[in-house]
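Structural description and commentary
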Amino acid sequence: MKNFLESCFVKEVSEITNNMYRQGWDERNGGNISYLIDEEYVREYFPKDVFLRDIELGFTADESLKNKYFLVTGTGKYFKNVIKDPESNLGLVKIDNNGHVAHLLWGYKDGGKMTSEFPAHLMSHAARLKVNQKNRVVMHTHPTYTICMGACLPTDDVIFTRKLWKSNTEAVVVFPEGIGVLPCMICGTNEIGEATAKKMEEYRLVSWTNHGIYGVGETIDEAFGLIETVEKTAQIYMISLGHVVNEIPDEVILGLAKLWIVKIKPGVIDE
Ligand code: 2HA
Ligand code: ZN
């Protein structure tokens, strides 16, 4: 039996949390990640399910997530510490058959449990799996310029998307479907989870105004790549705010979409 601590899953999450911390996005216990792992891979490390303990979810997980395995960052844990001690800062859980309980297979060594944002994570997984069966990763973080940009704009998907697309030629190519925007809400609740998941039906990116961002993908790289492109673009936008002479023209955005054969969100650019 292979040691889960040495798995590519633990390695990837340890490396990315370290990277995100070094970007300055994940102060203190800011940020959280959940990673859906298919049972065939879990079996390489755990030939059968042996649970260390059960953790109440406090909500009912969607039917599609029952008996699914997730590697999840722990509540109150610091991204900067994951790489030093993955087994205390991460946990591998299996959602039970009723969707009420997470069975712990590995991790949370010091008695911890899943991130307080687990409702938003699981609801987002369920929403994205309906769009893309291969979605595996939900990532949440607090990138500085993205939060600044959200504070400077109306909470509107089209306006936020348009400003991003018009600030950096990469933006429309990386997220042609745009970005969803939620107003400032109380985090950690089922309500913000439901609102996030609703946006996830359309987008892989959701901005939480005055708080941070969610990105999803088939891989850690996809979710991280989406977020880092938004953050880089928001940095460009914020630093040049009030001084812009050369905004990307609409016809260049349309030309980029044509060149890269991506279908862009309608109603953002005049066609
Ligand atoms: O886990 O980022 O949104 C800490 C947070 C809450
Ligand atoms: Zn947060």
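Described below are features of the structure shown in this document. Worth saying up front: this structure is predicted, and the values here are computed from it rather than measured.

Remarks on the pattern of salt bridges
Evaluation of the coordinates by the stated rule reveals 14 salt bridges. Lys-77 is the partner of Asp-110 in a salt bridge, and the nearest nitrogen-oxygen pair spans 2.7 Å. Of this pair, Asp-110 sits in the loop between strand 5 (101-107) and helix 5 (118-131) while Lys-77 sits in the loop between strand 3 (69-73) and helix 3 (79-82); the two residues are 33 residues apart in sequence, bridging distant segments of the chain. What makes Lys-77 buried here is its relative accessible area of 16%. Here the salt bridges do not stand alone but share partners, grouping Glu-39, Arg-43, Asp-49 and Lys-94 into one network.

Describing the sheet that holds strand 7 (residues 180-182)
Taken in spatial order, the 9 strands of this open sheet run 2-5-4-3-1-6-9-8-7, and their pairing is mixed. What marks the edges here is a single partner per strand, and that holds for strand 2 (53-56) and strand 7. The average angle at which neighbouring strand axes cross in this sheet is 25°, direction not considered. Bridge count between strand 3 and strand 4 (residues 90-95): 5 bridges; the pairing is antiparallel.

Concerning the coordination of the zinc ion (ligand 2)
Within the protein, the zinc ion (ligand 2) binds to His-140 (NE2), His-142 (NE2) and His-211 (NE2); these donor distances fall in the range 2.0 to 2.1 Å. Sequence spacing of the donor residues for the zinc ion (ligand 2), all on one chain, is H-x1-H-x68-H. Of the two residues, His-142 is situated in the loop between strand 6 (137-141) and helix 6 (144-152) and His-211 in the loop between strand 8 (205-208) and strand 9 (212-217); the sequence distance between them amounts to 69 residues. Residues His-142 and His-211 agree in their burial class; the two are buried.

Definitions and cut-offs
- Residues numbered from 1 in each chain as written.
- Chains lettered and ligands numbered in written order.
- Predicted model: local features only at pLDDT ≥ 70, side-chain atom pairs only at ≥ 80, totals over all residues.
- Heavy atoms only, no water.
- Salt bridge = Lys/Arg side-chain N within 4 Å of Asp/Glu carboxyl O.
- Helix = DSSP H or I, 4+ residues; strand = E, 2+ residues; numbered from the N terminus.
- Buried < 20%, exposed > 50% of the residue type's maximum accessible area, 1.4 Å probe, protein only.
- Pairing = 2+ DSSP bridges.
- Axes fitted to C-alpha atoms, helices over the stretch in contact; angles between N-to-C directions.
- Donors = N, O, S within 2.8 Å, 3.2 Å for Na, K, Ca; no water.

Just geometry here; none of it tells us what the structure is for.
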